[in-house]
Amino acid sequence: MPTMVEAVGLTRRYPGASAPAVDAISFSVDEGEIFGLLGPNGAGKTTLISILSCLTPPDAGSAQVGGRDLVRDQNAVKRMTGLVPQELALYPSLSARQNLLCFGGLYGLRGADLLANIGRVLAMVGLADRANDRVETLSGGMKRRINIAAGILHAPRVLFLDEPTVGVDPQSRNFIFEGIEALRQAGMTILYTTHYMEEAQRLCDRVAIVDQGRVIALDTPRALIDAHGGVVMLVVEGGDAAPAAQALAGLERIVRASAADGQILAQSRNPAAILGRVVEVITAAGLQIRAVEILEHNLESVFLDLTGRRLRD
Amino acid sequence: MLTVMLAIARKDLALLIRDPGALIVLFLMPLIFILVMSLALSGLYSPGGSAVAIAFVDEDGGPFSANLVKSLATSGGFDVLTNGPNGKLDRPGAEGLVVSGKAQAALIIPPGSSDAVRARLTRSGTGTVEIVIVSDPALSPQVLGPIRGAVQGLAEQAAFLVAAPGGIDLLVSHLQTGGVSVPPEFAAALKQQAASGMAGAGNLVAIKEALPAGISSDRRPNAVEQNVPAYTLFGLFFIAMRLASNIIDEKQLGTFRRLLAAPVRRATLFAGKLLAFVLVNLVQVAVLFALGVLVLPRFGLPQMTLGAHPENLILVSLAVSLAATSFGLFLAAVARTEAQANGIGLILILVSAMLGGVMVPRFVMPGFMQRIGWISPHTWGLQAYQDVLMRDAGVAAILPDLGILLLFAAAFFAVAVWRFRWN
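Since the structure is predicted, the reported quantities are computational estimates derived from the model, not experimental observations. (Residues numbered from 1 in each chain as written. Chains lettered and ligands numbered in written order. Predicted model: local features only at pLDDT ≥ 70, side-chain atom pairs only at ≥ 80, totals over all residues.)

Visitor: Go over the overall build of chain A with me, naming the residues and quoting the values.
Guide: Across its full length, chain A carries 11 helices and 14 strands. Out of the 313 residues belonging to chain A, those deemed buried represent 49%. The contacts of chain A with a sequence gap of at least 6 include a subset with a gap of at least 24, amounting to 70%. (Helix = DSSP H or I, 4+ residues; strand = E, 2+ residues; numbered from the N terminus. Buried ≥ 20, exposed ≤ 12 C-beta atoms within 10 Å, placed from the backbone. Contact = placed C-beta atoms within 7 Å.)

Visitor: Describe the overall build of chain B, naming the residues involved and giving the relevant values.
Guide: When its secondary structure is counted, chain B shows 16 helices and 7 strands. Sequence separation of at least 24 residues holds for 83% of the intrachain contacts in chain B that already meet a minimum separation of 6.

Visitor: Report on the interface of chain B and chain A, specifying residues and quantitative values.
Guide: Taken together, the contacts link 21 residues of chain B with 26 residues of chain A. Where the side of chain B that touches chain A is concerned, the elements lending two or more residues are helix H1 (2–17) and helix H10 (255–261) of chain B. At 8 residues, the largest contribution of residues to the side of chain B that touches chain A is made by H1 of chain B. Among the residues forming the side of chain B that touches chain A, the class breakdown is 13 nonpolar, 4 polar and 4 charged. (Nonpolar A, V, L, I, M, F, W, Y, C, P; charged D, E, K, R; others polar.)

Visitor: Break down unusual backbone geometry for me, citing the residues and quoting the values.
Guide: Residues and elements named next belong to chain A. Despite not being glycine, Ala 155 has its phi angle at roughly 50°, a positive value. The residue Ala 155 is located in the loop between helix H5 (140–152) and strand S7 (158–162) in this model. Since 15 C-beta atoms lie within 10 Å of it, Ala 155 is described here as partly exposed. Despite not being glycine, Gln 212 has its phi angle at roughly 50°, a positive value. Here Gln 212 lies in the loop between strand S9 (206–211) and strand S10 (214–219). Judged by the 15 C-beta atoms lying within 10 Å of it, Gln 212 is partly exposed.

Visitor: Let's hear about the sheet that holds strand S5 (residues 105–109) of chain B: which residues, and what values?
Guide: Residue and element names in this part refer to chain B. Strand order across the open sheet formed by 5 strands is S2-S1-S5-S6-S7, with mixed pairing between neighbours. The open sheet terminates on both sides in strands that have one partner only, identified here as strand S2 (78–81) and strand S7 (206–210). Between one strand and the next, the sheet's axes are offset by a mean angle of 25°, whatever the strand orientation. Two strands pair when backbone bridges link them, and strand S6 (residues 130–135) and S7 are joined in this way by 5 bridges, in the parallel orientation. By the bridge assignment, Val 134 is partnered in S7 with Ala 210. Against the sheet, helix H4 (residues 91–99) touches strand S1 (52–58), S2, S5 and S6, its axis set at about 165° to S5. (Pairing = 2+ DSSP bridges. Axes fitted to C-alpha atoms, helices over the stretch in contact; angles between N-to-C directions.)

Visitor: Outline the sheet that holds strand S3 (residues 34–38) of chain A, supporting the account with residue identities and numerical values.
Guide: Residue and element names in this part refer to chain A. Taken together, 6 strands build an open sheet; the order of strands is S6-S7-S8-S3-S9-S10 and the sheet is mixed. Of all the strands in the sheet, just strand S6 (81–84) and S10 have a single pairing partner and so form its edges. Averaged over all pairs of adjacent strands, the angle between strand axes in this sheet comes to 15°, irrespective of strand direction. Sheet topology note: the S9/S10 ladder contains 5 bridges and is antiparallel. Across the sheet, residue Val 207 finds its bridge partner in S10, namely Asp 219. Contacts from helix H1 (residues 45–52) reach S3, S7, strand S8 (189–194) and S9 within the one sheet, and its direction differs from that of S8 by about 150°.

Visitor: Break down the nonpolar core for me, with residues and values.
Guide: The nonpolar side chains of a soluble globular protein tend to be buried with one another. Counting 181 residues, the largest nonpolar core has Leu 191 and Ile 264 of chain A together with Ala 240 of chain B as the members making the most contacts within it. Looking at which element gives the most residues to this core, the answer is helix H12 (residues 312–334) of chain B, with 12 residues. If sequence neighbours within four positions are ignored, Ala 240 of chain B has contacts with Ala 324, Thr 325, Phe 327, Gly 328, Leu 331, Gly 345 and Ile 349 of chain B. (Core = buried A, V, L, I, M, F, W, Y, C linked by C-beta atoms within 7 Å.)

Visitor: Break down helix H4 (residues 111–124) of chain A for me, with residues and values.
Guide: For an α-helix, the turn length of 3.6 residues means that residues three or four places apart are oriented alike. All names here are of chain A. In this model, H4 (14 residues) spans 20 Å end to end at C-alpha, consistent with the 20 Å of a helix rising 1.5 Å per residue. Where the residues of H4 are buried, they touch helix H3 (96–106) and H5. Of the residues trailing H4, Gly 126 is marked for its positive phi of about 70°. (Expected span 1.5 Å × (residues − 1).)

Visitor: An account of the pairing of S5 of chain B is requested, with residue identities and associated values reported.
Guide: Residues and elements named next belong to chain B. With 5 of 5 residues buried, S5 lies mostly within the body of the structure. The alternating pattern of S5 places Ala 105, Leu 107 and Ile 109 and Ala 106 and Ile 108 on opposite faces, both of which are buried. For S1 and S5, the ladder comprises 5 bridges, and the chain directions are parallel. In the sheet register, Ala 55 faces S5, and the bridge partner there is Ala 106. Bridge analysis of S5 against S6 gives 4 bridges, and the strand direction is antiparallel. Along S6, the bridge assignment pairs Leu 107 with Ile 133.

Visitor: Account for the environment of Phe 327 of chain B, naming residues and giving values.
Guide: Residue and element names in this part refer to chain B. By secondary structure assignment, the location of Phe 327 is in helix H12. Taking the C-alpha atoms as reference points, Phe 327 and Phe 408, 81 residues apart in sequence, are found 8.4 Å from one another. Every residue in contact with Phe 327, bar those within four places of it in the chain, is listed here: Phe 237, Ala 240 and Phe 412.

Visitor: So what's going on with the packing of H1 of chain B against helix H11 (residues 266–295) of chain B? Which residues, and what values?
Guide: Residue and element names in this part refer to chain B. For the pair H1 and H11, interaxial distance at closest approach is 8 Å and the crossing angle is 45°. Classified by the angle their axes make, H1 and H11 are oblique. In this structure, H1 meets H11 at a crossing whose hand is right-handed. Here H1 contributes Val 4, Met 5, Ile 8, Ala 9, Asp 12, Leu 13 and Leu 16 to the contact with H11, which in turn contributes Thr 268, Leu 269, Ala 271, Gly 272, Lys 273, Leu 275, Ala 276, Leu 279 and Val 280. The residue inventory of the contact of H1 with H11, partitioned by class, reads 12 nonpolar, 2 polar and 2 charged. (Parallel < 35°, antiparallel > 145°, perpendicular 65-115°, else oblique. Left-handed = near helix turned anticlockwise from the far one by under 90°.)

Visitor: I'd like to hear about the environment of Arg 421 of chain B, residue by residue, with values.
Guide: Topologically, Arg 421 of chain B is positioned in the segment after helix H16 (395–419). Through-space distance from the C-alpha of Arg 421 of chain B to that of Ala 332 of chain B is 9.1 Å; in sequence the pair is 89 residues apart.

Visitor: Describe the pairing of strand S11 (residues 230–237) of chain A, and please don't skip the residues or the numbers.
Guide: Residues and elements named next belong to chain A. The element S11 is extensively covered by neighbouring structure, given that 6 of its 8 residues are classed as buried. Bridging between S11 and strand S13 (residues 263–268) involves 6 bridges; their strand directions are antiparallel. Across the sheet, the residue bridging to Val 231 is Gln 267, located in S13. Pairing of S11 with strand S14 (residues 288–295) involves 7 bridges; the strand directions are antiparallel. The partner of Val 231 across the bridge, within S14, is Leu 295.

Structure representation (structure tokens):
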């Protein structure tokens, strides 16, 4: 598969910020791939999308989309890409169709072509019958779907979807997922940011886990989960947790163990099976257990293992 | 590029039409201002009323002027002033009365007028009699017209009283030389009949209009000619706040990110926006001027005409609109919130409108205030409108005003592009 998006060392620091929002990020996305950017709020995902959709220039690094340079060949890149921003970027007092007429016009679409495209994308998001309704009268989920329709109206080769399911009802979420899968079938390359690990796991061919402006892991969801496994997380008190964590690390079937802020993480391929031993070791160390949580194999446990924090903190 | 501009413009028009607040500010507000201010101030702009004071300068000293002053005084329509503080009124004294507003007009009867009147009949009409009406340019034509008509009639009558007896004498003498005897009673009756019956039938007297010495020939506007263009201009500039709000709204909605993510040059984006708002401005002008021409006369206000070159109103409106919409971009660039844009915009527009003669005409302002007014785009817009409406100005005459308005537009646009926060 040819490479569709190639980012090398992208960096962006906002004026007055203590740390860069995006810190030397590199990755590449193949044509037709759904590539996930998974990370908590504030990880730098939206800034990365802004750079790739030519809204924010990078301070350092470079990127190519469809072989065109992001900075030097901005218009070509913009024509090839579609953006679905995280916020509902629609005119509430205009109808869905009027919104799409405007956004299609921005890409030079007009006349019968434009109307046909509007019909196509509205059908895809399941809102063909609401075309003449004002956007402000639609439900949150429907607005989200129109928001997506506006991003794919001009049939871009690469689509940037920035948290497209925030605050939507399950029905709309399914429509969105089905729509995205249909777009993949049609050969569109998709960059998908989310802080919902279920979405990344379900939709993405590969996932880059982003935290504090950096990519801390990048692979298929399966490989990431296999590498990092499940996690037993305990909140303890009554002494230093570090020696207990060290003792745990030596146990059979525990891949890794660490302690921070009165919290002990023990990672294992089969966290439920090691729980009894873990509790024994910690009690023997004179600590009291305040809470226990077992996270089975998923991207959430991968993130926790990598950062010691949860995605939705 | 055109497709893109039209897409943006059409969308912005649709947004505006769905915003009742905007429509009230842009259309209803100036409309109400025009109506109320024109009715309230109609007396201010057209002095006059029942008693017309007329200063009478008798440089003739003959029977013509004596007859005229008598008939003016007895006609009942005039309050005739013949004496100034230093005795008999002279021309400078009379002009002083006109300028100070104590007289609406001065009537000057030049020396030798009586002789000229006599000569007019006795020498086969070669003599010319010209009297002069001096009026303040602020005097509305609605007042000056009747004065002029009445003076013309009375002057014809006075002239005939002077000329007719000589003419009849001549006629009688001609008849007698032909051997016919005319009874003296018949001759006397003929004289009297001619004087009263034929008065006003011919044009014995020409009236020349003049302005007091040192007063420029600019005709001053009446209440409608002042208020319709002034408050139209006022309303046009309010578009700036709508435009600024529109842009700030787009930034908050996030739609601005979409516009910027599209392969659209920033100048095209701005141009599309300006197109929509300039169109709205032109509709405002059409509606408000139609009000001035068609509706206000029904309220008993003076009739407004569009001048000899009404098509030039479009040029003026375009120049004003470019200045106003560019000012809107400027507001969007310097203000961070909609409230700021509205606050800053309102203050600047009100001050500019005041300095520019929208609320109070500039000709009543002291000299230094008139000079400060040069920094207001309203000054140049109003001047251009009134030149077209009242002075039949052609393109050449309003070119300087248009140029200055476009300079304002360019300056606002440049600052807007320079200071605009694209992210």
